[in-house]
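Chain residues, written in single-letter form:
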Amino acid sequence: MSNNINEQSVLDALKSVTYPGEELNIVSSGMVQDDLTIEDGRVSFSILFKRAKDPFHKSVLKAAEHAVREEVGEGVEVEITPIFPELKPVVEPKLLPQVKNIIAVSSGKGGVGKSTITANLAVALANAGYKVGVLDADIYGPSQPRMLNLEGARPHLVETEGRELIEPAKNYGVRMLSIGFFVNPEDAVVWRGTMASNAMSQLIRDGNWGELDYFLIDLPPGTSDIHLTLVQSLGVTGAVVVTTPQDVALDDARKGISMFQEEKISVPVLGLVENMSWFTPAELPDNRYYIFGKDGGAKLAKETGTKLLGQVPLVQSVREGADKGEPVALKEDTIMGLAFKELASELVKAVDERWRDLPPTHKVKMNR
């Protein structure tokens with residue numbers, strides 16, 4: 001070691017080292033820290049890098065060590081400690097930050113009235129004073145525009161906080177977006193699963209949903225890519241499964257419940273809705289005919305440990321209201337209006353119990 005070695009001579013030697021692409025040397029730029037020590041044939045100090053994963057840190061350390069050795073001699077021990085700023089986790093902006101409850105409305109098979117239940121449930125919740133949104137995620141068979149009397153609506157773009165977002169159509173106090181707004185209603189939607197999932201994601205991500213108490217997502221029947229995309233995109237508050245009483249529908253509903261309860265997905269099933277529970281003719285309002293079987297939904301709810309939120313009879317006015325875009329839930333003083341009012345009340349209770357008893361649901365992470 002040179003007899004003239006001191007802190008200043010080491011710093012002078014380090015002034016010959018510059019970080020690639022910069023004009024200032026590592027001393028002038030403040031990279032060399034003030035912990036320089038010289039004792040017993042050993043020189044030690046630290047160099048602070050600007051980035052957590054600095055691509056040039058090894059070359060800078062080697063150049064600094066070489067410069068010191070040239071100054072003090074090859075026999076000295078040079079110890080340089082690299083210091084990196086803490087790598088901050090990338091925080092993704094939360095989707096739908098103003099939405100309190102995200103409810104997936106699902107069915108194991110088609111034809112059980114899932115979309116009719118969704119539309120009337122949304123209207124009943126809005127009638128009760130809640131802020132409600134509906135996403136028609138049934139990409140291949142969008143029906144919410146007709147059911148909510150919004151077939152002629154053409155959502156437009158609005159600028160919100162520097163972003164252009166799609167303004168949902170609104171009727172009966174319900175905000176709604178559907179792929180049906182963006183395709184010719186007479187054309188079949190022939191899309192691969194990825195395209196359908198991307199379409200749903202865009203309506204969630206780019207919709208100007210604003211503040212909502214309940215965001216109902218009308219899913220396609222069955223279990224598909226869209227269901228997986230949903231639980232990977234959002235922390236779903238819970239799922240409502242719609243079925244009819246016959247065994248064929250119950251078998252598929254059981255699979256739907258199982259999907260949400262699967263360990264990797266783990267979305268709480270808020271309850272089961274049994275649709276078309278019995279048929280009541282208009283001229284015989286006190287009669288009940290169990291066309292599709294009796295209490296199948298109640299038995300499935302008991303079997304799977306889920307709640308039966310309600311039983312909805314097969315009544316002509318429900319079908320007529322859906323076709324005309326006038327959900328029966330609008331008329332709260334009718335038998336069916338009261339039925340959907342009660343169903344909405346049961347859903348609200350189930351959601352309150354869910355938040356009381358269970359932690360928040362997080363987005364599902366799946367390894368491909």
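Summary of the structure given here. Counting restarts for each chain: residues are numbered from 1 in the order of the written sequence. Since the coordinates come from a predicted model, pLDDT governs what is reported: local features require at least 70, and pairs of side-chain atoms require 80 or more to be given and counted, while whole-chain, interface and lining totals use all residues. To get the side-chain values, take all heavy atoms of the structure and skip hydrogens and water.

Here we take up the overall build of the chain. When its secondary structure is counted, the chain shows ten helices and 13 strands. The globule rule used here is 2.2 Å times the number of residues to the 0.38 power, and the radius of gyration it is set against is calculated over C-alpha atoms. Over its C-alpha atoms the chain spans a radius of gyration of 32 Å, topping by over 25% the 21 Å that the globule rule assigns to 368 residues. For the chain, the C-alpha atoms occupy an extent of roughly 115 × 45 × 40 Å along the three principal directions. Taking all 368 residues of the chain together, 47% fall into the buried category. For this analysis, residues touch if any pair of their heavy atoms sits within 4.5 Å. A fraction of 74% describes how many contacts in the chain between residues 6 or more apart in sequence connect residues 24 or more apart. Entry remark: accessible area of the chain is about 19,400 Å², with carbon and sulfur atoms responsible for 49%. When charges are counted, Lys and Arg contribute as positive and Asp and Glu as negative, whereas His and the chain ends are disregarded. Charge coordinates come from a single atom per side chain, which is NZ of Lys, CZ of Arg, CG of Asp or CD of Glu. The chain carries 39 positive and 51 negative side-chain charges, and their two centres are separated by 6 Å. For the purposes of this entry, the term helix denotes a DSSP run of H or I that reaches at least four residues, the term strand denotes a run of E that reaches at least two, and both are numbered from the N terminus. Relative accessibility under 20% of the residue-type maximum defines a buried residue, over 50% an exposed one, and the middle range a partly exposed one, all with a 1.4 Å probe and only protein chains included. Note that accessible areas follow from Shrake-Rupley with a 1.4 Å probe, and for residues the cover is restricted to the protein chains shown.

What follows deals with the sheet that holds strand β11 (residues 238-243). Here a strand pair is declared whenever DSSP counts at least two bridges between the two strands. Strand order in the open sheet formed by eight strands is β8-β9-β5-β10-β4-β11-β12-β13, with mixed pairing between adjacent strands. Whereas interior strands pair on both sides, the edge strands pair on one side only; in this sheet they are β8 (169-171) and β13 (308-314). Across the sheet, the mean angle separating the axes of adjacent strands is 25° when strand polarity is ignored. For strand β5 (residues 132-136) and strand β9 (residues 174-178), the ladder comprises five bridges, and the chain directions are parallel. Each residue of the ladder has a partner; that of V132, found in β9, is V174. Here helix α3 (residues 114-127) sits on the sheet and contacts β4 (99-107), β5, β9, β10 (212-218), β11, β12 (269-279) and β13; the angle it forms with β10, its principal contact strand, is near 170°. Note on method: axes are straight lines fitted to C-alpha atoms, helices fitted across the in-contact stretch only, with angles between N-to-C directions ranging 0 to 180 degrees.

Moving on, we get to helix α9 (residues 316-324). Every buried residue belonging to α9 is among V318, G321 and A322, and all of these are buried. All buried residues of α9 project into a common sector of 100° when viewed along the axis, lining one side. Here the buried face of α9 lies against α3, α4 (144-147) and α10 (335-357). In this description, the arc belongs to the directions extending from the helix axis to the C-beta atoms.

So, on to the sheet that holds strand β2 (residues 42-48). Note: strands within a sheet are paired through backbone hydrogen bonds, in either parallel or antiparallel orientation. As summarised here, the arrangement of the three strands in space is β1-β2-β3, forming an open sheet in which the pairing is mixed. Each edge of the sheet is formed by a strand with only one pairing partner; in this case those strands are β1 (37-39) and β3 (77-83). Adjacent strand axes in the sheet meet at a mean angle of 15°, parallel and antiparallel pairs treated alike. Alignment of β2 against β3, held across seven bridges, turns out to be parallel. In the strand pairing of β3, R42 is matched with E77. Sitting on the sheet, helix α2 (residues 57-72) is in contact with β2 and β3, with an inclination near 150° to β3.

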